Amino acid sequence: MSYQRAGKIPQKRHTVFKSQDDQFYYEQLFGTEGFHGISSLLYHIHRPTQIKSISEPKDVTPKIAVGKNVTPRMFKGMNVAAEDDFLDSRKVLLVNNDLKMGLAKPRKSTPYFYKNAECDELLFIHEGSGTLKTFLGNLEFSYGDYLIIPRGTIYTIEFKDENNVLLFIESHSPINTPKRYRNEFGQLLEHSPFCERDIETPTFVDPVDEKGEFLIKVKKEDQLWDFVYATHPFDVVGWDGYFYPYKFNIKNFEPITGRIHQPPPVHQNFEAHNFVVCSFVARMYDYHPQAIPAPYNHSNIDSDEVLFYTEGDFMSRNHIDLMDFTLHPGGIVHGPHPGAMERSIGKKFTEEYAVMVDPFRPFQITEEAMKVQDPSYKTSWLESEDHSLHDRSQE
């Protein structure tokens, strides 16, 4: 990420910084990976450490239904239950030691502040719009936005209405743009499928100078605590650095295409330790005169593969609905459904949009995922004389 600054900051870090009425501002280092990773310096009106109380923790550990999986599976996101509360609405579907992912359908804005004290968060907006409000500023969001929220960010979300669907990822390591698309200075390269102009940083807002009781829900190690602080967390008068939330819209991803079918890494958008996130977007198909646009059969020996379908028709699958998740476990061959390869030949363009997550350690499947599983998916590659009839019976 590039250097950013907003609001009022002193000329020199770690020095006396006062307001016009001679009151001290309080500096906070906000960063990751100790003192080695990227960071920002924030300047508060009040000390950001004034805890009034801490509740007993609420356990939010996902309940595992399948610990070791080799079965291809489909989960019907349309059937995931909506909840009023933002955190209650998060239904973790898949988990390993590196990340959790799932779907959230919150109906209400958050009446509290929230901090994930352990994980970076990625929120993909499948439906809905509103404002992500943080102690560094605000980000307006709508369909197709990825919101990248570094660990430790204090935020609240204001939705415009009750119709909201968010794909979420919680990562135990920082979520970054792919290293192969950046030079040694961190700048995105010319062949990258997106650039800094596509990334939107928070809009700075005036600090809130209030005392009272302010609830911040803090999550760490699958426990959720209620912290009550004596001052408003959004009292930041200025900040600078490299560590901040941002947004990127999937429709700003510029697809890389070729004469023959390109492998999934050309769709990569983000990476973290032991997983990547890819964006499948509207694009021209392969232009060799005998090209087969449908993906060839393959077995990702080293990773599971999860696809979340968000817009359009997905060419290689039969009877896919929006909000569906498909899981193809590592080591098990998968590919186009019967008839999909043949249908793709001669096609020039696709309007599909999907988010793909490839973890390099196997996923466990939660009880929430099993509630919305389509059990027929595993046999949906069986051939019959009439592909369309067979596909309808299986899906």
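Here the structure is shown first, and the text comes after it.
Calculation rules
- Residues numbered from 1 in each chain as written.
- Predicted model: local features only at pLDDT ≥ 70, side-chain atom pairs only at ≥ 80, totals over all residues.
- Heavy atoms only, no water.
- Helix = DSSP H or I, 4+ residues; strand = E, 2+ residues; numbered from the N terminus.
- Rg over C-alpha atoms; globule rule 2.2 N^0.38 Å.
- Buried < 20%, exposed > 50% of the residue type's maximum accessible area, 1.4 Å probe, protein only.
- Areas by Shrake-Rupley, 256 points an atom, 1.4 Å probe, with all protein chains shown as cover.
- Lys, Arg positive; Asp, Glu negative; His and termini not counted.
- Charge placed at Lys NZ, Arg CZ, Asp CG, Glu CD.
- Pairing = 2+ DSSP bridges.
- Axes fitted to C-alpha atoms, helices over the stretch in contact; angles between N-to-C directions.
- Salt bridge = Lys/Arg side-chain N within 4 Å of Asp/Glu carboxyl O.
- Patch = residues over 30% accessible without salt bridge, like charges linked within 9 Å, V, L, I, M, F, W, Y side chains within 5 Å.
- Polar contact = N/O pair within 3.5 Å; in protein donor to acceptor, adjacent residues only side chain to side chain.
- Contact = heavy atoms within 4.5 Å.

This brings us to the overall build of the chain. Looking only at helices and strands, the chain features 3 helices and 30 strands. Relative to a compact globule of 395 residues, whose C-alpha radius of gyration would be 21 Å, the chain shows 23 Å and is just as compact. Along the three orthogonal principal directions, the C-alpha set of the chain runs to about 80 × 45 × 35 Å. A buried classification covers 54% of the 395 residues belonging to the chain. Accessible area for the chain stands at about 18700 Å²; split by element, carbon and sulfur atoms hold 50% of it. In the chain, the 42 positive side-chain charges and the 57 negative ones have mean positions that sit 3 Å from each other.

Looking now at the sheet that holds strand 3 (residues 39-44). Strand order in the open sheet formed by 4 strands is 1-20-3-2, with antiparallel pairing between adjacent strands. Of all the strands in the sheet, just strand 1 (4-7) and strand 2 (26-31) have a single pairing partner and so form its edges. Strand after strand, the sheet turns through a mean of 20° between neighbouring axes, direction not considered. As paired elements, strand 2 and strand 3 share 6 bridges and run antiparallel to each other. Bridge pairing links Phe30 to Ser40 in strand 3.

The subject of this paragraph is the sheet that holds strand 7 (residues 73-76). The strand order 22-23-28-25-26-7-30 describes an open sheet built from 7 strands, whose pairing is antiparallel. Each edge of the sheet is formed by a strand with only one pairing partner; in this case those strands are strand 22 (268-272) and strand 30 (373-374).

On to the pattern of salt bridges, then. Per the stated rule, a full pass over the model turns up 22 salt bridges. In this structure, the salt-bridge partner of Lys76 is Asp324, at a minimum N-O distance of 2.9 Å. Taken together, the positions of Lys76 in strand 7 and Asp324 in strand 26 (residues 324-328) put the pair 248 residues apart, joining distant regions of the chain. Exposure class is identical for Lys76 and Asp324. Each is buried. Each of Arg90, Glu121, Glu170 and Lys219 takes part in a single network of salt bridges with overlapping partners.

The subject of this paragraph is a nonpolar patch on the surface. Judged by side-chain polarity, Met1, Tyr3, Ile38 and Tyr242 come together as a nonpolar surface patch covering roughly 350 Å² of accessible area. Note that Tyr242 resides in the loop between strand 20 (236-241) and strand 21 (246-249).

The topology assignment puts Thr153 in the loop between strand 14 (145-149) and strand 15 (154-159). On the accessibility criterion, Thr153 (1% relative accessible area) is buried. For Thr153, the side chain forms a polar contact with the main-chain oxygen of Pro150, separated by 2.7 Å. Residues contacting Thr153, with those up to four places away along its chain left out, are Phe30, Tyr114, Lys115, Asn116, Thr134 and Phe135.

Here we take up the pairing of strand 26. In terms of residue burial, strand 26 counts as a mostly covered element, since 5 of its 5 residues are buried. Of the two faces of strand 26, the one lined by Asp324, Thr326 and His328 and the one lined by Phe325 and Leu327 are each fully buried. Note that strand 7 and strand 26 share 4 bridges and pair antiparallel. Across the sheet, the residue bridging to Met74 is Thr326, located in strand 26.

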